[in-house]
Structures are given as structure tokens and as C-alpha cells.
Amino acid sequence: MTQTRPCWVEIHTRSFEENYRFLTGLAAPDVELLAVVKADAYGHGLALCAPAAMRAGARWLGVTSVEEGVAARAACPAARVLVIGGVYPGQGVDLVRHQLTPVVWDPVQIDELESAVRSVGDKALSVHLEIDTGMSRQGVDSQGLTQILQRFGHDSPLRLEGVMTHLFAADEADGRVTDDQLRRTGDFINQIEAAGIHADLLNVGNSAALLAGQAPVIAALAARHEMKALMRPGLALYGIASSYYPPFASAPPPSLLESNRKLKPVLSWKSQVTSVRSVPTGTVVGYNGTFVAIEPMRLALIAVGYADGLDRRLGNRFSLLVRGNKAPLIGRVSMDQAVLDVTDIPDVCAGDDVIILGQQDGERISVFDHAEAAGTIPWEIFTRIGSRVRRVETQ
Ligand SMILES: *Cc1c(COP(=O)(O)O)cnc(C)c1O
């Protein structure tokens, strides 16, 4: 099909590559980066972003599931692919066949993987063990650790390559929770070493940790245990610098100031005007007539709705860009369409581009603007952009 409904995102893969290289600089010299491309590369399209990460020098990709891992393997035959969300019963064989690297923390996962490795006939499988240093989500606690470590004996086909944990408050400016998590991480590693097991990689830290300047701290912890550090940025790769709570007061870390300058948004989300109509005073607009014209108006119908990921809560309280001007969304956002007030914007006509997220003629709508209006966070805005919205690579 050559022409489709005009609602698409443009993915600037060169910016993605530049962001990756910039973050490598923040991590240097002692920390390697794993590019997190879970959830279809944060809605940006795995097939575009995973190869861009490889071009920029990444060796590791991170995905949520075995399914996503299979897609990453197809896009990047040479990558190491970490399956962050664990392996579910029945998925072990697919994981082994596609040479994915699982995160494990539960004996049930180890059972599944051992039998998969044996049934495929491979000799060994590298795994990363997640430890729970405070988030109470995934990860083994220090009591469960002893039992798990017994599963890495000489007769096991599983090799403990990495120790992983997730910093769940790296966006808190005072850093106290993170300090505490890193201290606990050290305790876990001591316990692992005491069991006679050495892991090569210490796999810790998201975008917020990297931008706040934690790379040297994590590298030092790794070095104390003769390990190498691996950090896992996601959002920053897509060009978004984390916000911190409360915001850094007088002296934000230099790495954050530099990130704010250097990171470039990768995604623009666009649609077009379908038709324009003039309406008299008293006209009601959209479901339930939540908007009533109190003067004659010009309305533009546009091809984007909540099924494309445009939050329904934005109706009557957000603007999009047309011809470089802010045009208010009026009435309720429908499933597949929405209406803009273009009364004050001259010459708007069918076929005009509409910027939902991105910039036009010096005006910009950011993912933070969407997140604030919808009462959520940038991650959710990106990952809700619908699968029917085409992802188009631009240079
Ligand atoms: C999503 C995720 C990341 C990346 O987080 P960002 O905040 O987007 O950088 C890192 N580690 C784990 C375990 C994740 O689930």
C-alpha cells in the first residue's frame, strides 16, 4: 500500500546514534552501555532503533520478553540481547535457539532454562542474576540467594555472567536511596563470592543514574570485585533527559547540564488536516457537546485519536501545531479523530501537517508537555503511540 491514513511518527535514527555516543562518553572509560529497546524501542520502533544502536557501537540490547528478544535477534544478528523481564514457562527453547541472555531470579526460571539448554543440545547458557536491593519487584532477596547459588554448580549448564539490580529512585536528587542500594549490591556480591562464584558483569543503572553522574561510582564498585560495569539507559537514548525530584537546587551535576544540552529527541509525531469547516455561534463539537462555539469559528478535523495514543484527557486542554501556531484541541478526542480550533490561523486547509509531538517553525511540543497534560510520564506517552501509527525513518 503506498498511501495510508496520515498519522505517523518520524524517527531520526541519526539523533539516536548521536545520543548513544554521547552517553558512551558519560560512561567512559570504565562502563559499557546496554541500549534498552524494550516495548518496541519505547514506541520508536525496534526495527529502526536496534540497528541504530549497533551502528553507534552498542554490543548489548535490552528487551522485556523472549518475544521481543526474537525480534531483536532478527534485526541484529550479532547483538547480545538481555531479556530483562524473565523467561516464562515454555519459552526456554525459543530463548536458547535465538541465543538470548535471560535475567533470572526464581528457581522456576532456572528449571525451565536448564531443561531448554539440554533439549537444544547446547553446552552452556550465560545468565544474569537479578538481586532485589529494595524495589521489591523482580530479583532474589538475600535469603533466597543461597538456594539460587546452589543451582550454578559444576553440573549446571547455566553460567552466572552478570549480577543485575535496578535503581528505583535514581531520579531523586539527594541520591540516598541509590547509595543504599549500591551498598546492598556490594553485600550481595560478597555473598556470591563467598559461595565461590565469580560473575564478570555488574549490570546496574538506568538513564537517571547515568545522567546524574553515577557511572564512576558503579565502575568503582565493580572494580572492587574484579567485575566490569554495564549500565542500561533507555529514555536518554531517545533524547529525553530525566527530571529529578525535587529538582537539583543550586548545582545540578555537570553530566546532567551537559545532557540537557546534548540529547536530541528522536521522535516526531505528525498527522494532517482532513477537512476544514466554518461554523456559526452555538455549534457544539464532538461527543456530548463538551465544547460550544461562542463565536463563529473555523474547525479543522485531524486524523489522530486516542486509538493512536493521543490521550483522551487532552480534549479541551491541549494544543497541537498547525502552520507553526498552537491550535487548541476542542471537544472530546475521538477514537480515530480530533478537532482543532484554527479560527486564528490563516489559510489552514486539508493536507496541512499537524504536529502532535515535535517542532514546527520554532514552536515545540515536548513529551513532557503531553505527560503533564495527561497526568503521566514520558515513558507512557511514548509507549502508548499505537501500533497502527507508521514509524518512518528520517535523516
Ligand atoms: C526500562 C528499564 C531500564 C531503562 O530505564 P530508563 O529510565 O528508561 O533509562 C533499565 N533497567 C531496567 C530493569 C528497566 O526495566
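Refer to the structure presented above.
Residues numbered from 1 in each chain as written. Predicted model: local features only at pLDDT ≥ 70, side-chain atom pairs only at ≥ 80, totals over all residues. Heavy atoms only, no water.

Engineer: Even after reading the chapter, I still don't get the site of the ligand, so can you show me in this structure?
Structural biologist: Close to the ligand lie 14 residues, the nearest being Lys38, Tyr42, Ser207, Gly234 and Leu235. Here an oxygen atom of the ligand sits 2.5 Å away from a polar atom, N or O, in the side chain of serine 207. For the ligand, an oxygen atom lies 2.9 Å from a polar atom in the backbone of leucine 235. Taken by itself the ligand offers 390 Å² of open surface, and the protein chains cover 91% of this. (Near = heavy atom within 4 Å. Polar contact = N/O pair within 3.5 Å; in protein donor to acceptor, adjacent residues only side chain to side chain. Areas by Shrake-Rupley, 256 points an atom, 1.4 Å probe, with all protein chains shown as cover.)

Engineer: I would appreciate a short explanation of unusual backbone geometry in the present structure.
Structural biologist: Note: most peptide bonds trans; most residues except glycine with negative phi. Residue proline 29 is reached from alanine 28 by a cis peptide bond, and omega for that bond is 0°. Assignment of secondary structure puts proline 29 in the loop between α1 (13-27) and β2 (31-36). Not every positive phi belongs to a glycine, and glutamine 99 is a case in point at roughly 55°. With respect to the helices, strands and loops of the structure, glutamine 99 is situated in the loop between α5 (92-97) and β5 (101-104). In this structure, serine 136 takes a positive phi of about 60° despite not being glycine. (Helix = DSSP H or I, 4+ residues; strand = E, 2+ residues; numbered from the N terminus.)

Engineer: Please clarify how the side chain of glutamine 91 should be interpreted in this entry.
Structural biologist: Along the chain, glutamine 91 turns up in the loop between β4 (80-83) and α5. When its relative accessible area of 16% is taken as the criterion, glutamine 91 is described as buried. Separated by 2.8 Å, the side chains of glutamine 91 and glutamate 67 make a polar contact. Dropping the residues within four chain positions of it, glutamine 91 is found in contact with Val66, Glu67, Gly86 and Glu112. (Buried < 20%, exposed > 50% of the residue type's maximum accessible area, 1.4 Å probe, protein only. Contact = heavy atoms within 4.5 Å.)

Engineer: Just checking my understanding: could you explain the environment of arginine 277 for this structure?
Structural biologist: Topologically, arginine 277 is positioned in strand β10 (residues 267-279). Linking arginine 277 and methionine 297, residues 20 residues apart in sequence, is a C-alpha distance of 8.3 Å. Excluding anything up to four places from it in sequence, arginine 277 contacts Met297, Arg298 and Leu299.

Engineer: What's the story with the state of the cysteines in this structure? I'm lost.
Structural biologist: Note: disulfide means a covalent bond formed between the sulfur atoms of two cysteine side chains. With the rule as written, the count across this model stands at zero disulfides. With no disulfide of its own, cysteine 7 lies 18 Å from the sulfur of cysteine 49, the closest cysteine sulfur. Residue cysteine 7 is classed as buried on the basis of its relative accessible area, which comes to 2%. With no disulfide of its own, cysteine 76 lies 10 Å from the sulfur of cysteine 49, the closest cysteine sulfur. Judged by relative accessible area, which is 3%, cysteine 76 ranks as buried. (Disulfide = S-S within 2.5 Å.)

Engineer: Teacher, can you tell me more about the environment of isoleucine 110 here?
Structural biologist: Mapped onto the elements of the fold, isoleucine 110 is located in helix α6 (residues 107-120). Relative accessible area serves as the criterion here: at 0%, isoleucine 110 is assigned to the buried category. Through-space distance from the C-alpha of isoleucine 110 to that of phenylalanine 152 is 9.5 Å; in sequence the pair is 42 residues apart. With residues up to four places along the chain from it excluded, the contact list for isoleucine 110 reads Ile148, Arg151, Phe152 and Leu158.

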